[in-house]
Amino acid sequence: MSDRKTFGPEPALPPPNSHAMSQAPDTESVRNQVDAEAPVLWLLGKTQSGKTSIVAEITGQARDEVGRGYRPMTRESRLYSYPVGQPVLRFLDTRGLADSVDEDAAGDLEPAREQAHLLLVVVRVDDLDIGELVHIVADTRRHSRQLPVIVAQSCLHHCYGAQDRHPQPYPFDGSDEDLRRAGIPEALGRALFAQRRMFAAIRGESPLYLPLDFTRPEQGIAPADYGAERLWDLLDQTLPKVADRLRRNPSDPQLIRTKVILPWATAAAAANAVPVPVAGGLASASMQSALVVQIAHRLGCAGDWRQLWTEFIGALGAGFFASFGGSWLAQQVLKLELGWGTAVVASWTFAVTWAIGEAALYYFGEKAAGHRPEPQVLH
Ligand SMILES: Nc1nc2c(ncn2[C@@H]2O[C@H](COP(=O)(O)OP(=O)(O)OP(=O)(O)O)[C@@H](O)[C@H]2O)c(=O)[nH]1
Ligand SMILES: [Mg+2]
C-alpha cells in the first residue's frame, strides 16, 4: 500500500504554522499512518450522476461541490477523510466520465484502482448509455477480483409520473424482486432491470444494487435522503469494521428537519396539499401523514401508518390549528441557513406542514425517551 498514489485535498504534511506543526513528530507520523490505513471508497460514474451528492450525504462535506445541472462539476479527483481528523473511511470522488470518450478522466482511473477498497458506481437510473462505464468496472474487476462493487441507481423520480411518490417504507433489497415491488411505477422497475442486466456479465461476485434518490431540499422530493439507510446497510456488509463507527444518528432533530420536514413541507406547498385535519376527516394518505409517520419511525417509535397518525392527530387536537401562528416559522427556516426559498416557504400550507413536523418531532421524541408529551407544548 505504501506505493499508492494519493490525491488532494488531504496534504501529506501539515501546513506551516498549523497546530499540528507544534505536535511531536512521532504523533504526527502516527496520525498520517492512521489516515493512510482508512479504507478508500471510490466513486465512479458519468458526470452529474450524483457522486458528490453521496459524499455530501454521508460526510456532510463537499456540499458546495454538488452540481446544479448538466455542467461537469468535480474537476479533479479529491479524497475526503471522514470523520475529519480521525478518519475511518476515505471517499475518493473522481471526475465524472463525459458522454464522449474522455481522455482526461481516463487518466484518473489507474491511481483510483490502486487505492480502492470498495467501488461505488453511480448511474442515473434512466441512463442506458453506460457501456463505457460498465467496461471500466469489468476491467477493474479483472485487476482486483475481490473488490466489492456497489451500483447506486440514482435519481429514481426521473421514472415517476406526476402523482408518484417514493414507496414507503423503502422496499428495495437489491434482488430481482426489486423490479416488481408494490407501489413502484412500472417504468422504474423496467429501468432498474435494464441497467442491472448491463452489469450482469462482470466477473466475480455480482454487484450489490442500491436504488436511491438524494435530492436538494428545495426540490421538494421527500425524503431528501431516500435510500440512505440502505447505503449504510451495504457499508456494514462490505466494510463491517468501519461502518459502525461512521453511522450518524438518524434521530438527530436537525437532520430530520433538513431531510424530512423541509422536503415534505416544500412538496405539500407546491401541490397545495391542505392538511387533512383542517379539511376534516382522517384520510390515510395525506402528505402530512407521511411526514408524521416517517418522523415517528426515525425516532424509533414502532407502529403502522394509520395507528401512528391517528394517535398523533388525537394528541394535537383542534387547539393546534386555532393557535397556530407563522412568526416562529421564519426563524426556524432561517436557522437552517439554506439561503433559498421565498414564495414556497411563505405559503400557509408550507407553514402548517412545517408546524406539524415540529410537533411530531416533539411528540414522538418525548415518547421515544419514555416521557409523556405535554399537550400544552403542542398548542
Ligand atoms: N433527483 C436526484 N438528483 C440528484 C441525485 N443525485 C444527484 N442529484 C442532482 O444531480 C446534480 C449533480 O449531482 P452531483 O452529486 O454534483 O453529481 P456528480 O456525479 O458529482 O457530478 P460531476 O462532479 O459533474 O461528475 C445535482 O443537481 C444533484 O442535486 C439523486 O439521487 N436524485
Ligand atoms: Mg461531483
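Placed above this text is the structure.
Here the residue index of a chain counts from 1 through its sequence in written order. The order in which chains are written sets their letters, starting at A; the order in which ligands are written sets their numbers, starting at 1. Per-residue local features are limited, in this predicted model, to residues with pLDDT of at least 70; the limit for side-chain atom pairs, both in listing and counting, is 80 or more; totals at the level of whole chains, interfaces and linings are taken over all residues. Heavy atoms from the whole structure form the basis of all side-chain values; hydrogens and water molecules are not counted.

Visitor: When you look at the overall build of the chain in this model, what are you seeing that I'm missing?
Guide: Runs of E in the DSSP output that reach at least two residues are strands. Runs of H or I that reach at least four are helices, and both are numbered from the N terminus. Secondary structure summary: the chain contains 16 helices and eight strands in total. Here's how the labels work: a residue is buried when its accessible area is under 20% of the maximum for its type, exposed when over 50%, partly exposed in between, all with a 1.4 Å probe on protein chains only. When each of the 379 residues of the chain is scored for burial, the buried share is 49%. A fraction of 68% describes how many contacts in the chain between residues 6 or more apart in sequence connect residues 24 or more apart. Throughout, the Shrake-Rupley method with a 1.4 Å probe supplies accessible areas, and for residues the shown protein chains are the sole cover considered. On the chain, roughly 18,400 Å² of surface is accessible, and the fraction owed to carbon and sulfur atoms is 53%. Any two residues whose heavy atoms approach within 4.5 Å at even a single point are treated as in contact.

Visitor: How do you make sense of the pattern of salt bridges when you look at a structure like this?
Guide: Think of it this way: side chains of opposite charge can pair up when their charged atoms draw near. A pairing counts as a salt bridge when a side-chain nitrogen of Lys or Arg comes within 4 Å of a carboxyl oxygen of Asp or Glu. Here the structure, examined in full by the defined rule, presents 13 salt bridges. Among the ionic pairs, D139 bridges to R142, the shortest N-O distance being 3.0 Å. Placement of the pair is D139 and R142 together in helix α5 (residues 131-143), with a separation of three residues, close to one helical turn. The class for D139 is partly exposed, based on a relative accessible area of 23%. The partner of E177 in a salt bridge is R180, with the nearest N and O atoms 3.6 Å apart. Residue R180 is classed as exposed on the basis of its relative accessible area of 57%. One salt-bridge network, held together by shared partners, links E110, R113, D139 and R142.

Visitor: What is the right way to read the side chain of T140 from this model?
Guide: Tracing the chain through its elements places T140 in helix α5. In this structure T140 comes out as buried when scored by relative accessible area, which is 1%. The contact partners of T140, leaving out residues within four places of it in the chain, are W42, R113, L119 and L147.

Visitor: Is there a simple way to think about the pairing of strand β6 (residues 208-211) in this case?
Guide: Within a regular strand, the side chains alternate between the two sheet faces. Being paired, for any two strands, means DSSP has found at least two bridges between them. Taken together, the four bridges between strand β5 (residues 149-154) and β6 define a ladder with parallel strand orientation. Counted as the bridge partner of Q153 is P211 from β6. Every crossover in which the path from the first strand over the helix to the second runs clockwise, viewed with the strands pointing away from the viewer, is termed right-handed. Viewed along the sheet, the connection from β5 through helix α6 (residues 186-199) into β6 turns out right-handed.

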